[in-house]
Amino acid sequence: MALVSMNEFLPKAKANKFAVGQFNMNNLEFAQAIVEAAMELKSPFIYGVSEGALKYMGIEFTVAIAEAAAKKSGLPIALHLDHGSSFEVAMKCIRAGFSSVMFDGSHYSFEENIRLTKEVVKAARAMGVSVEGELGTIGGVEDDISVDEEHANLAKPEEAIRFYEETGVDCLAIAVGTAHGMYAGEPNIHFDIIEQVSKAIPVPVVLHGGSGVPDEMIRKSIAAGVGKINVNTENQVACTDTIRAVLNKDAKIYDPRKYLTPARNAMVEVVKSKIQLFGSSNQA
Ligand SMILES: O=C(O)C[C@@H](O)[C@H](O)C(=O)COP(=O)(O)O
Ligand SMILES: [Zn+2]
């Protein structure tokens, strides 16, 4: 199967109240772990790739790995630019074979965010590529850029609704109290904002900062209208903790397969638990 746009599964997710996971790809082992978990549970999923990860992996390798996963698995998989910062980077990804892009204009003024997002939607739609927009500022560290809690501001429902109406994005990330990275305590998620926005627009709300959110809050978010949830940090922690433990146990290891295999297995377990929690098993 070829890579698909998020519109292959997000409308169904919204209608049937489940969420599709965006799991970020940082290297080959992440990609393999994610598709292995999804194959076992017959789930659609999204490979998220940040600009930093793109620089690290190279755009050709990234697309080739995602296409290989789609072909091998037969699952509906979207390859999605995560937090794209410009029209140019979004177009570069689409030309290279991405089936979906996020334009994150949350650092611009509201009107400028609308204007720029509309341009991306117009170009992407002509090529059958789905688009995610973002409103409000999500806290935490994203791709090495840190936004402290003080500067993380929640999305205003009336603005989110107008943003959707003017841009026509396929899903909308709104800041509702989650943050990138791990939480010191528990997040304070504003379910009322999710519900108000979700009821007024036909596309799903996206929850960034999905790592470390307690299961009950995830279930409540999905019930309120979240249809896409992003997870990266929990896989990074599982991968690195496993490698650290293996090397601490045996300092003589030099074959990367000896520590990357258990690291990959640890990520399979993380992704499987998220797919089950999000309710996307058997939705492929
Ligand atoms: O940091 C990245 O490279 C990806 C994230 O921004 C992703 O979009 C996301 O929201 C993941 O959240 P987290 O796993 O809770 O950090
Ligand atoms: Zn994010």
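Computed from a predicted structure; not experimentally measured.

How each quantity is defined
Going along each chain's sequence as written, the residues are numbered from 1 onward. Chain A is the first chain written and ligand 1 is the first ligand written, with later ones labelled in order. With the structure being a predicted model, the display of local features is reserved for residues of pLDDT at least 70 and the display and counting of side-chain atom pairs for 80 or more, all residues being used for whole-chain, interface and lining totals. Whether two strands pair comes down to DSSP finding at least two bridges between them. Under the scheme used here, helices are H or I runs from DSSP no shorter than 4 residues and strands are E runs no shorter than 2 residues, and both carry numbers assigned from the N terminus. Axes, fitted as lines to C-alpha atoms, cover a helix only where it is in contact. Angles between the N-to-C directions of the axes lie from 0 to 180 degrees. Here, nearness is defined through the C-beta atom: a residue counts as near a molecule or strand if that backbone-placed atom lies within 6 Å of it. Charged residues are taken to be Asp, Glu, Lys and Arg, nonpolar residues to be Ala, Val, Leu, Ile, Met, Phe, Trp, Tyr, Cys and Pro, and polar residues to be all remaining types, Gly included. Using C-beta atoms placed from the backbone, we call a residue buried if 20 or more other C-beta atoms fall within 10 Å of its own, exposed if 12 or fewer do, and partly exposed for counts in between. We call two residues in contact when their backbone-placed C-beta atoms lie within 7 Å. For every residue, the pLDDT score states the predictor's confidence, bounded by 0 at the bottom and 100 at the top. Joining buried Ala, Val, Leu, Ile, Met, Phe, Trp, Tyr and Cys residues through C-beta atoms within 7 Å gives a set, and that set is a nonpolar core.

Draft legend 1. The sheet that holds strand S11 (residues 226-231), seen in detail. Around the barrel, which closes on itself, the eight strands sit in the order S1-S2-S3-S4-S5-S8-S10-S11 with parallel pairing between neighbours. The average undirected angle you get between the axes of adjacent strands in this sheet is 25°. Relative to strand S8 (residues 171-174), strand S5 (residues 130-135) runs parallel, the two being bridged by four bridges. Counted as the bridge partner of Glu134 is Ala173 from S8.

Draft legend 2. Inspection of the site of ligand 1 at higher detail. In the region of ligand 1, 17 residues are neighbours, and Ser50, His208, Ser211, Asn230 and Thr233 sit closest. Elements with a minimum of two residues in the shell around ligand 1: strand S2 (45-50), strand S3 (77-84) and S11. Per-class residue counts for the shell around ligand 1 are one nonpolar, 13 polar and three charged.

Draft legend 3. Quick look at unusual backbone geometry. Non-glycine residue Lys17 carries a positive phi angle of around 55°. Within the secondary structure, Lys17 sits in the loop between helix H1 (10-16) and strand S1 (20-24). Its 14 C-beta neighbours within 10 Å are what place Lys17 among the partly exposed residues. Not every positive phi belongs to a glycine, and His83 is a case in point at roughly 55°. Assessed through the 24 C-beta atoms surrounding it within 10 Å, His83 is described here as buried.

Draft legend 4. Up close: the environment of Ile114. For Ile114, the location among the structural elements is in helix H6 (residues 110-126). Between the alpha carbons of Ile114 and Glu234 there is a distance of 32 Å; along the sequence they are 120 residues apart. Setting aside residues up to four positions removed in sequence, Ile114 forms contacts with Phe163, Glu166 and Thr167.

Draft legend 5. Quick look at the confidence of the model for the protein. Overall, the predicted model of the protein reaches an average pLDDT of 96, with 96% of residues at or above 70. Taking the mean pLDDT of every element in the protein, the minimum, 58, falls on strand S7 (residues 145-147) and the maximum, 99, on S1. ipTM for the predicted complex: 0.98, alongside a pTM of 0.96.

Draft legend 6. Summary view of the nonpolar core. One finds Ile34, Tyr47, Ile77, Val101, Leu172 and Ile174 to be the most contacted residues of the largest nonpolar core, which totals 83 residues. Those residues in contact with Ile34 that sit more than four places away from it in its chain are Phe23, Phe45, Tyr47 and Val271.

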